[in-house]
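Chains, contacts and geometry: an overview
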Amino acid sequence: MIAPGANARVYLACGVTDMRKGITGLAAKAQEELRQNAASGALFAFRGRRGDRIKLLHWDGQGFCLYYKVLEKGRFPWPSPADGSARLTAAQLAMLCDCAC
């Protein structure tokens, strides 16, 4: 996985996200639901209903990058929708992406 810098701001959209959404839809979700500027340089993580796929959205200064990971087995651990959003460190994001339950 391409890792963000150690000081990167990482936000998880708690609950379920429609994985059919592309860059525009995910950027809108970051702004409307997470109350963050999607082009701020932060990394935003979204998980699908089945829990076996995540999308990471990041503005690199020139445009949006969208990373998509689908697990062969297991699920990504994820906070409940009641939590709204969660903030992670870059190290926690790396552990999340490398460790599926």
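Please read all numbers here as calculations on a predicted model, not as lab measurements.

A look at the side chain of R47
Within the element layout of this structure, R47 appears in strand β2 (residues 43-47). Nearest to the buried, unbridged R47 among oppositely charged side chains is D52, at 8.0 Å. One polar contact links the side chain of R47 to the main-chain carbonyl oxygen of F76, over a distance of 2.6 Å. Beyond its immediate chain neighbours, meaning those up to four positions away, R47 contacts G15, V16, T17, M19, R53, I54, R75, F76 and W78.

Description of the sheet that holds strand β3 (residues 53-59)
Taken in spatial order, the 5 strands line up as β4-β3-β2-β1-β5 in an open sheet, and their pairing is mixed. The open sheet has two edge strands, β4 (64-70) and β5 (85-88), and neither has a second partner. Strand after strand, the sheet turns through a mean of 20° between neighbouring axes, direction not considered. Relative to the sheet, helix α2 (residues 90-98) contacts β1 (10-13), β2, β3, β4 and β5, its axis offset from that of β5 by approximately 105°.

Focus on the pattern of salt bridges
Under the definition given, this model contains 4 salt bridges. Close ionic contact of D52 with R53 constitutes a salt bridge, the shortest N to O distance being 3.1 Å. Three or more residues joined by partner-sharing salt bridges are found here, namely R50, D52 and R53.

Rules used throughout
- Residues numbered from 1 in each chain as written.
- Predicted model: local features only at pLDDT ≥ 70, side-chain atom pairs only at ≥ 80, totals over all residues.
- Heavy atoms only, no water.
- Helix = DSSP H or I, 4+ residues; strand = E, 2+ residues; numbered from the N terminus.
- Buried < 20%, exposed > 50% of the residue type's maximum accessible area, 1.4 Å probe, protein only.
- Lys, Arg positive; Asp, Glu negative; His and termini not counted.
- Salt bridge = Lys/Arg side-chain N within 4 Å of Asp/Glu carboxyl O.
- Polar contact = N/O pair within 3.5 Å; in protein donor to acceptor, adjacent residues only side chain to side chain.
- Contact = heavy atoms within 4.5 Å.
- Pairing = 2+ DSSP bridges.
- Axes fitted to C-alpha atoms, helices over the stretch in contact; angles between N-to-C directions.

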